[in-house]
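Notes for the structure review
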Amino acid sequence: MKTIDIVVPCYNEEEVLETFYRETSRVLDSLDSYLFRFIFVDDGSSDQTAVIMKRLAREHDEVKYVSFSRNFGKEAAMYAGLRYSVGDYVIVMDADLQHPPAMIPDMLAGVAEGYDCCAARRVSREGESRIRSWFSRMYYKLSNQMTDVQMPQNAVDYRIMSRGMVEAILSMAEVERFSKGIFAWVGFETKWLPYENVERTMGTTKWSFWKLFKYALNGITSFSISPLRFVAGMGFLIFGFACLYIMVTLVQTLLFGIAVPGYVTTLCAVLFLGGIIELSVGILGEYIAHIYLEAKDRPVFIVRQTNLGNEEK
Ligand code: UDP
Ligand code: MG
């Protein structure tokens, strides 16, 4: 019998957690050729999430939980869930029921066909603001052009993965984790399952626009060095232009003597170069920040409590 671990990152999900467990279990009940286990990861929730988890764990043997010492973010929660997983396959899904549990049988069918991964892709973005969809579309375009990983747009973090793929993901040791990129980077053949966007009915989204922006930027700088090449290219271009300009000015001065006016040209050049330099330093800074954070090699998460014992690797 194949074993399946279901990893669920939860941050302040007291309103949905029980419903999530009930709904998902109902789907699993019809699948008796697999052995399921829940791994709930409490990402330092400040509400009753951890308490509910522990109660579920007491009442049901197949419920495991890992509780963090503080909020480390969804990436860390997913990573912890994968670390603690031992199943032949691992499902990652959100706790807010935006990832329909009814898709689990299809996902299992996908991996039974021989795929290493079967993932959900939203076909509609209903219930999402226009501007957010627009930013998302632009982001994927830009990111896919700049990086060598191709992230399908509208892919969500709802997927089933084989043990092999999970191990590959865990072998990527970066501290600053960007799962959408990591999933694409490790490769493996993925079967995509389309689904209609489901609005969150209980609880609230944990993402602000600013948080998303930082996350998106991190995604690009984690998987691409083309911004650095852009800086170098820019420098090269400006240098070429400057050489040309110097020669022209030199000839002009020799032939016609020194022309005094030139205030606007000077000011423009200074401001333009200043701007480019600031931009370049900013881009370099992003990469230095990555080096700094990775070099410190701090743990991705810290566990406060868990009912998972020696399975931990
Ligand atoms: N989440 C988490 N840590 C965080 C933020 C979110 O574990 O710091 C979890 C959250 O509990 C949910 C999932 O990540 O299960 C997705 O979060 P959310 O629904 O807020 O994101 P959205 O669906 O709006 O993208
Ligand atoms: Mg959600």
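Notes on the overall build of the chain
Counting its regular elements, the chain contains ten helices and eight strands. In terms of C-alpha radius of gyration, the chain reaches 25 Å, well past the compact-globule figure of 20 Å for 313 residues. Relative to its full complement of 313 residues, the chain shows a buried share of 43%. Carbon and sulfur atoms make up 62% of the accessible area of the chain, which amounts to about 17,200 Å² in all.

A short note on the nonpolar core
Counting residues in hydrophobic clusters, the biggest one holds 40 residues, and the most contacted among them are Ile39, Phe68, Leu82, Tyr139, Met161, Ile169 and Phe301. Sort the elements by how many residues they give to this core and helix α3 (residues 74-84) lands first, with seven residues. Tyr89, Leu97, Val156 and Tyr158 belong to the second-largest nonpolar core, a separate cluster that totals 37 residues.

Topic: the coordination of the magnesium ion (ligand 2)
Listed as protein donors to the magnesium ion (ligand 2) are Asp96 (OD) and Gln98 (OE1); their distances from the metal cover 1.8 Å. We classify Asp96 as buried; its relative accessible area is 4%.

Some details on helix α2 (residues 49-59)
Every buried residue of α2 is listed here: Thr49, Ala50, Ile52, Met53, Leu56 and Ala57. Along α2, the residues classed as buried sweep out an arc of 160° about the axis, all on the same side. Opposite the packed face of α2, turned more than 90 degrees from it, sit the exposed residues Arg58 and Glu59. Looking at the buried side of α2, the elements it contacts are β1 (2-10), α1 (17-29), β2 (34-42) and β3 (63-68).

Examining the site of ligand 1
Near ligand 1 lie 16 residues; those nearest to it are Glu13, Asp43, Asp96, Thr205 and Lys206. In this structure, a nitrogen atom belonging to ligand 1 sits 2.6 Å away from a side-chain N or O atom of Asp43. The contact in question runs from an oxygen atom of ligand 1 to an N or O atom on the side chain of Asn71, over 3.2 Å. Alone, ligand 1 offers 530 Å² of accessible surface; in the complex the protein occludes 90% of this. Taken together, the residues that form the shell around ligand 1 break down as five nonpolar, four polar and seven charged.

Notes on the layout of surface pockets
The calculated volume of the second largest pocket comes to roughly 300 Å³. Considering the residues around the second largest pocket, the lining is formed by Met234, Leu237, Ile238, Phe241, Ala242, Tyr245, Thr265, Ala269, Phe272 and Leu273. Broken down by secondary-structure element, the contributors of at least two residues to the lining of the second largest pocket are α9 (226-256) and α10 (263-296). Take the lining of the second largest pocket: its biggest share by element is six residues, from α9. Its residues assigned to classes, the lining of the second largest pocket comprises nine nonpolar, one polar and no charged.

Some words on empty space enclosed by the protein
Counted under the stated rule, the structure contains one cavity of 30 Å³ or more. As a volume, the largest cavity reaches approximately 60 Å³. Looking at the largest cavity, the residues that line it are Glu75, Met78, Tyr79, Leu82, Ile169, Arg177, Ser179, Ile182 and Phe183. Contributing elements (two or more residues each) for the lining of the largest cavity: α3 and α7 (179-185). Ranked by the residues each element gives to the lining of the largest cavity, the list is headed by α3, at four residues.

Focus on the confidence of the model for the chain
The pLDDT averaged across the chain works out to 89; a share of 98% of its residues lies at or above 70. Of all the helices and strands in the chain, helix α5 (residues 130-146) carries the lowest mean pLDDT, 84, while strand β4 (residues 89-92) carries the highest, 96.

Some points on the side chain of Asp42
Note on placement: Asp42 falls in strand β2. Buried Asp42, no salt bridge; nearest opposite-charge side chain is Arg304, N-O distance 5.8 Å. In this structure the side chain of Asp42 is engaged in a polar contact, spanning 2.7 Å, whose partner is the side chain of Ser45. A polar contact is formed between the side chain of Asp42 and the side chain of Ser67, at a distance of 2.6 Å. Every residue in contact with Asp42, bar those within four places of it in the chain, is listed here: Cys10, Thr49, Ala50, Met53, Val66, Ser67 and Phe68.

Analysis parameters
- Residues numbered from 1 in each chain as written.
- Chains lettered and ligands numbered in written order.
- Predicted model: local features only at pLDDT ≥ 70, side-chain atom pairs only at ≥ 80, totals over all residues.
- Heavy atoms only, no water.
- Helix = DSSP H or I, 4+ residues; strand = E, 2+ residues; numbered from the N terminus.
- Rg over C-alpha atoms; globule rule 2.2 N^0.38 Å.
- Buried < 20%, exposed > 50% of the residue type's maximum accessible area, 1.4 Å probe, protein only.
- Areas by Shrake-Rupley, 256 points an atom, 1.4 Å probe, with all protein chains shown as cover.
- Core = buried A, V, L, I, M, F, W, Y, C linked by side-chain atoms within 4.5 Å.
- Donors = N, O, S within 2.8 Å, 3.2 Å for Na, K, Ca; no water.
- Arc of directions from axis to C-beta.
- Contact = heavy atoms within 4.5 Å.
- Near = heavy atom within 4 Å.
- Polar contact = N/O pair within 3.5 Å; in protein donor to acceptor, adjacent residues only side chain to side chain.
- Nonpolar A, V, L, I, M, F, W, Y, C, P; charged D, E, K, R; others polar.
- 1 Å grid on protein atoms, 1.4 Å probe; cavity = no way out; pocket = protein on both sides within 12 Å on 5 of 7 lines; lining within 4 Å.
- Points joined across faces, edges and corners; volume = space filled by probe spheres on them.
- pLDDT = per-residue confidence, 0-100.
- Lys, Arg positive; Asp, Glu negative; His and termini not counted.
- Salt bridge = Lys/Arg side-chain N within 4 Å of Asp/Glu carboxyl O.

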